[in-house]
Amino acid sequence: MCSSDLRHRAAVTVALAALVVVAVVGVLSVMRIVRARQQADEAAAVATQQRSIAEQQLANLFEEQGRQELLAGRPARAAAYLSQAHAQSREPGVALRTLLASAMRSVEAQRMSLAADPDEVSAAAFSPDGTRIVTAGADRIAKIWDSTTGTVVATLRGHNRRIASASFSPDSSRIVTASSDNTARLWDARTGNSLATLDHTDDVWSATFSPDGARVVTTGESNIARLWDGKTGALLASLEGHRDHVYSAAFSPDGAQLVTASEDHTAKVWDVKTAKLLRSLEGHRDEVISAAFSPDGSQIVTASDDHTARLWSARAGTLLASLVGHTGPVHVVAYSPDGTRIVTASEDRTAKLWDAQSGKLLISLDGHTGAVTTAAFSVDGARVATASH
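Here the structure is a predicted model, which means the values were calculated and not measured.

Q: Can you help me understand empty space enclosed by the protein in this one?
A: Over the atoms, a rolled probe matching the size of one water molecule traces out where space is still vacant. A complete count under the given rule lists 2 cavities of 30 Å³ or more for this structure. In this model, the second largest cavity occupies a volume close to 60 Å³. Forming the walls of the second largest cavity are His200, Thr201, Asp202, Asp203, Val204, Thr218, Thr219, Gly220, Glu221, Ser222, Ile224 and Arg226. For the lining of the second largest cavity, the elements supplying multiple residues, two or more each, are strand E10 (215-220) and strand E11 (224-229). For the lining of the second largest cavity, the element with the most residues is E10, which contributes 3 residues. Residues of the lining of the second largest cavity, tallied by class, amount to 2 nonpolar, 6 polar and 4 charged.

In structure tokens form, the structure reads like this:
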């Protein structure tokens, strides 16, 4: 065989060897890619499984807590926990569905419709001892109801224009009402007799007792909030600092501070003893309608026409969370007695319950055919009273 043939064969052999090497390398690369994908798929499957297990464990915790609340006679709390369990569970079991249905039936059974006058009701509140409810509205009178039977206990007459708010003193002995007739009034909650008239120069939209019942704060069409003696009705101080109407005000649990909500898009925190401004809560994009301290005084929640409620640090004034879910202006916010939940009332015809720590929506209370203007928890936190027009 000639040398040229040998060189040709050698070249072919080298080329074939190179092709084999390339093929082997290609196969190995493909195998590595396939293996990497397999490992990624396995890791994703493990992560999915772990997430599913964690979600189910959380669902089980919610279900058990809901069961305990139902057994303890607190169906509203039970419904909130069981709804969360149902939402967390991939395949809700028969037991969970049965518990949730039972809780909702109990909530419905506890719902009471007070046969108020056909004029719209704009205020409703439980007495601290839980035995009575006060309602008031456009008919210019307030009524006290037995919270168990729904019968009228007393009728409060004296205002000559719409009553915007009504609330009990901490010892349940007095009621304060606020009206667009430029007055607030103190009443004997047992007899319905008028005790004092708090005169203003503008419409009064809210009036609230301090935790010890010694003071009353009023707000309204003016940009000034006012502090009054809770028994005599004497004016104690004027809180000046807002640039527009002050819609409402609420005391801290210890009565040392006060938060006001204003049309100027802010809420402000005041020292009750000195009447000095401590801090301003800014961030809402529209009027701030309502504000409240948490039962431990660590948080403040505000409600706004921007369709949201917001959680703030009471000490620092920093934003903690936004409660997003309403489709209309939010009129009222209130904490449950234990501070774990918040109720909001909105023009979207609903009230909603929220987790007070995370700001997550727990349940929506539907049924009203008009704007929900107020909402409040019963003293044991098991019921919520709402009013609408």
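What follows continues from the structure just given.
Q: It is not clear to me how the side chain of His159 should be interpreted in this structure. Could you clarify?
A: Within the fold, His159 resides in the loop between strand E4 (152-156) and strand E5 (163-168). A polar contact is formed between the side chain of His159 and the side chain of Asp181, at a distance of 3.0 Å. In terms of polar contacts, His159 uses its side chain to reach the side chain of Thr183, at 3.4 Å. Residue contacts for His159: discarding those within four places in its chain leaves Arg140, Thr177, Ser179, Asp181, Thr183, Ala184, Arg185 and Trp187.

Q: Explain the environment of Asn160 to me, please; I cannot follow it from the model alone.
A: With respect to the helices, strands and loops of the structure, Asn160 is situated in the loop between E4 and E5. Expressed as a C-alpha distance, the spacing of Asn160 and Ser180, which sit 20 residues apart in the sequence, is 8.5 Å. Setting aside residues up to four positions removed in sequence, Asn160 forms contacts with Arg140 and Asp181.

Q: Quick question: what am I supposed to make of unusual backbone geometry here?
A: Across the chain, the bulk of peptide bonds are trans and the bulk of non-glycine residues have phi less than zero. In this structure, Arg140 takes a positive phi of about 75 degrees despite not being glycine. Counting through the fold element by element, Arg140 comes out in the loop between strand E2 (132-137) and strand E3 (142-146). Arg140 sits in the partly exposed class, given a relative accessible area of 40%. Phi angles above zero are rare outside glycine, and Ser172 is one such case at about 65 degrees. The topology assignment puts Ser172 in the loop between E5 and strand E6 (174-179).

Q: How should the nonpolar core be read in this particular structure?
A: One recurring pattern in soluble globular proteins is that nonpolar side chains are buried together. Leu70, Ala78, Leu82, Ala103, Val343, Ala345 and Leu353 are the most contacted members of the largest nonpolar core, which has 21 residues in total. Of all elements in the fold, only helix H1 (3-71), helix H2 (75-88), helix H3 (94-110), strand E21 (330-335), strand E22 (341-346), strand E23 (351-355), strand E24 (361-365) and strand E25 (372-377) reach the threshold of two or more residues within this core.

Q: Quick question: what am I supposed to make of the sheet that holds E5 here?
A: Strands pair in a sheet through their backbones, by hydrogen bonds, and they do so in one of two ways: parallel or antiparallel. Taken together, the 4 strands give an open sheet; going across it, the order is E5-E6-E7-E8, and neighbouring strands pair in antiparallel fashion. At either end of the open sheet lies a strand with only one pairing partner, and these are E5 and strand E8 (194-199). Strand-to-strand twist in this sheet, taken as the mean axis angle between neighbours without regard to direction, amounts to 15 degrees. The pairing of strand E7 (residues 183-188) with E8 spans 5 bridges and is antiparallel. Along E8, the bridge assignment pairs Thr183 with Asp199.

Q: Where do I start with the sheet that holds E23 in this structure?
A: The antiparallel open sheet is built from 4 strands, whose spatial order is E21-E22-E23-E24. Both edges of this open sheet fall to E21 and E24, since each of them pairs with a single strand only. The average undirected angle you get between the axes of adjacent strands in this sheet is 20 degrees. In this sheet, E23 lies alongside E22 in antiparallel orientation, the contact comprising 5 bridges. Within the sheet, the bridge partner assigned to Thr344 lies in E23 and is Lys352.

Q: Would you explain the environment of Ala103 in this entry?
A: Inspection of the secondary structure puts Ala103 in helix H3. For the pair formed by Ala103 and Ala78, sequence separation is 25 residues and the distance between their alpha carbons is 6.1 Å.

Conventions and cut-offs
- Residues numbered from 1 in each chain as written.
- Predicted model: local features only at pLDDT ≥ 70, side-chain atom pairs only at ≥ 80, totals over all residues.
- Heavy atoms only, no water.
- 1 Å grid on protein atoms, 1.4 Å probe; cavity = no way out; pocket = protein on both sides within 12 Å on 5 of 7 lines; lining within 4 Å.
- Points joined across faces, edges and corners; volume = space filled by probe spheres on them.
- Helix = DSSP H or I, 4+ residues; strand = E, 2+ residues; numbered from the N terminus.
- Nonpolar A, V, L, I, M, F, W, Y, C, P; charged D, E, K, R; others polar.
- Polar contact = N/O pair within 3.5 Å; in protein donor to acceptor, adjacent residues only side chain to side chain.
- Contact = heavy atoms within 4.5 Å.
- Buried < 20%, exposed > 50% of the residue type's maximum accessible area, 1.4 Å probe, protein only.
- Core = buried A, V, L, I, M, F, W, Y, C linked by side-chain atoms within 4.5 Å.
- Pairing = 2+ DSSP bridges.
- Axes fitted to C-alpha atoms, helices over the stretch in contact; angles between N-to-C directions.

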